[in-house]
Amino acid sequence: MSGAKNADGTEARRRFKPYPSYKHSGVEWLGEIPAHWVPKRLKTIAAVQLSNVDKKSLDGQEPVRLCNYTDVYYHERITAVLDFMAATATPEQVRKFTLCESDVLITKDSESWTDIAVPAVVAEDLPGVLCGYHLAHIRPKRTYHGPFLARAFSAVGPRDQFQVAANGITRFGLGGDAIATGVFAIPPEPEQRAIAAFLDRETARIDVLVVKKERLINLLQERRAALVTRAVTKGLDANVPMKDSGVEWLGEIPAHWELKRLRHALSARPRNGISPPIGPVGNVPTFSTAAVNDGEVLIDENVKYTMLEQREAQPYIVAIGDIFLLRGSGSRKVVGRVGILKKEPPMGCIYPDILIRVRPSRLVTPWFLVNSLNSAAVRFQIELLAQTASGIWKISGEDVRNLVMAVPPHDEMLQIQGEVSRHVAKLDALAAKVCDAIERLKELRTALISAAVTGKIDVREEVA
């Protein structure tokens, strides 16, 4: 099931019947709508206002809680269980922006135009909770149903008109007029309620399936990590004689393996990257820490160009086979994240100061080194060594040199690499299939909403 196939509601139309008769809406992108529906601008069916309540707390103002951008972006329903931010507001702001049941909130500012007009419906009256900055507050008039309107905002077609209307290049914003003049296809109120109830039921079913499949992916990832950790610390033969490594967190290792500090497995001292000066865009490509993930370095979408003299950049130019370790992060669990560069980088690409480059000696293969660094045994050491300052956890190049790893004979190392790679490929292929199934379910969810709120399918008899 392709995205294009679902985008116009084809799959939904196969499952549900159309309305008995249609008429042209008079709106090109909306096309035909059921004969008894009416196209209406948002300002005729709801009051629209942009919030001016920021996150600051000022003396003399009333204490309130704010429903902010992330509350709306990550939740389709706004309820009292959410952890709203404490702030203050003027009496006028409290009067205008307090959230009531059936209010609709949408994102009006974002770094991406695709995140414009993301909706959420307020599921209950929330005294003392206000609509925060970067959001638009929409209150439907008496004969219009907020949950239906929120679903309409998320549908292909209605949502597109707002994304196209957003202005910006690096940051996008949607004005009040653009929101108020948006067009929706509106059925009678009882039908609005029926459609909303139907979509609540059907999307809940899809969401349960998505959660189950995401849980399966997590289990596959855990299985993958356990498989690799065992292979690089215990080997493949469960019956091989073992010996105490003398290291509590490592336990026993095969009797014929050696325990080595990482300095003996490296061809040179670990080297920090460079911090290019802040300034105009230059000609030296530099990849970001986001490129280092899941054992690989994926540079393609994580490059910026900086102004730097070529002679300064030369020692930091990267090559295929380079291994990079994240030496600093706001999270202790993320410090030490490691990856290997497998694809040809942009000409003259360099790496940033927050990364450490390590290059294996002949003692270990690059694969074995990367997976040893990613193993639970080495991750444990890194978290113990990491120090924090100003909220940033860091390890040094010397810390990396002193990490301890178990090293098998070279022939056995190659055997482990081949066997584990085959098993990992199978797990990754299965995970990819599950991810694909999740995407199809999400496409179906969007298509179902779009078809229902634009009248392409008749779901009135589907509501028990």
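Residues numbered from 1 in each chain as written. Predicted model: local features only at pLDDT ≥ 70, side-chain atom pairs only at ≥ 80, totals over all residues. Heavy atoms only, no water.

## Some words on the packing of aromatic side chains
For any pair of aromatic rings, the description rests on two quantities: the centre-to-centre distance and the angle between the ring planes. Overall, the coordinates contain 12 aromatic pairs when judged by the stated rule. For the ring pair tyrosine 19 and tryptophan 37, a centre distance of 5.7 Å and an interplane angle of 75° mean the geometry is edge-to-face. Note that tyrosine 19 is positioned in the loop between helix 2 (10-15) and strand 1 (22-24) and tryptophan 37 in the loop between strand 2 (32-34) and strand 3 (38-41), a separation of 18 residues in sequence. As far as the burial class goes, tyrosine 19 and tryptophan 37 line up, both buried. An aromatic cluster of three or more residues is present, and its members are Phe287, Tyr316, Phe324 and Tyr351. If you follow lysine 108 out to its NZ or CZ, it ends over the ring of tyrosine 133, 5.3 Å from the centre. (Phe/Tyr/Trp six-rings, centres within 6.5 Å; stacked < 30°, edge-to-face > 60°. Helix = DSSP H or I, 4+ residues; strand = E, 2+ residues; numbered from the N terminus. Buried < 20%, exposed > 50% of the residue type's maximum accessible area, 1.4 Å probe, protein only. Lys NZ or Arg CZ within 6 Å of the ring centre and 35° of its normal.)

## Side note on the sheet that holds strand 6 (residues 77-78)
With respect to topology, 5 strands assemble into an open sheet ordered 4-13-9-11-6, the strand pairing being mixed. At either end of the open sheet lies a strand with only one pairing partner, and these are strand 4 (46-50) and strand 6. Sheet analysis places strand 9 (residues 104-107) next to strand 11 (residues 119-122), joined by 3 bridges and oriented antiparallel. Within strand 11, the position partnered with valine 104 by the bridge is valine 121. Contacts from helix 6 (residues 146-153) reach strand 9, strand 11 and strand 13 (135-140), with the element oriented near 170° to strand 11. (Pairing = 2+ DSSP bridges. Contact = heavy atoms within 4.5 Å. Axes fitted to C-alpha atoms, helices over the stretch in contact; angles between N-to-C directions.)

## Things to note about the side chain of threonine 365
Tracing the sequence through the fold places threonine 365 in the loop between strand 28 (355-358) and helix 11 (366-374). Here phenylalanine 368 takes part through its backbone nitrogen, which lies 3.1 Å from a polar atom of the side chain of threonine 365. Among all residues touching threonine 365, those that are not within four sequence positions of it are His410, Met413, Leu414 and Gln417. (Polar contact = N/O pair within 3.5 Å; in protein donor to acceptor, adjacent residues only side chain to side chain.)

## Examining helix 7 (residues 158-165)
At 3.6 residues per turn, the α-helix brings residues three or four places apart onto the same side. For helix 7, the full list of buried residues reads Pro158, Gln161, Phe162 and Gln163. Against helix 6, helix 8 (176-180) and strand 16 (183-186) lie the buried residues of helix 7.

## Regarding unusual backbone geometry
The general pattern is negative phi for most residues beyond glycine and trans for most peptide bonds. You will see that serine 102, though not glycine, has its phi angle at about 85°, which is positive. For serine 102, the position within the fold is in the loop between strand 8 (98-99) and strand 9. Of note in this structure, serine 390 is not a glycine but carries a positive phi near 55°. Within the secondary structure, serine 390 is located in the loop between strand 29 (387-389) and strand 30 (392-394).

## Some thoughts on the pairing of strand 28
Neither face of strand 28 is open: one carries Leu355 and Arg357, the other Ile356 and Val358, and all of them are buried. Bridging between strand 20 (residues 271-272) and strand 28 involves 2 bridges; their strand directions are antiparallel. Looking at the pairing, arginine 271 lines up with arginine 357 of strand 28. Bridging between strand 25 (residues 323-326) and strand 28 involves 4 bridges; their strand directions are antiparallel. What sits directly across from isoleucine 323, in strand 28, is valine 358.

## Brief notes about the sheet that holds strand 23 (residues 295-297)
Across the sheet, which stays open at both edges, the 6 strands sit in the order 20-28-25-27-23-22 with mixed pairing between neighbours. Strand pairing shows two members of the sheet lacking a second neighbour, strand 20 and strand 22 (292-293), which therefore form its edges. Here 3 bridges tie strand 25 to strand 27 (residues 338-341), and the two strands are oriented antiparallel to one another. The partner of isoleucine 323 across the bridge, within strand 27, is isoleucine 340.

What is shown is where atoms sit, not what they do.
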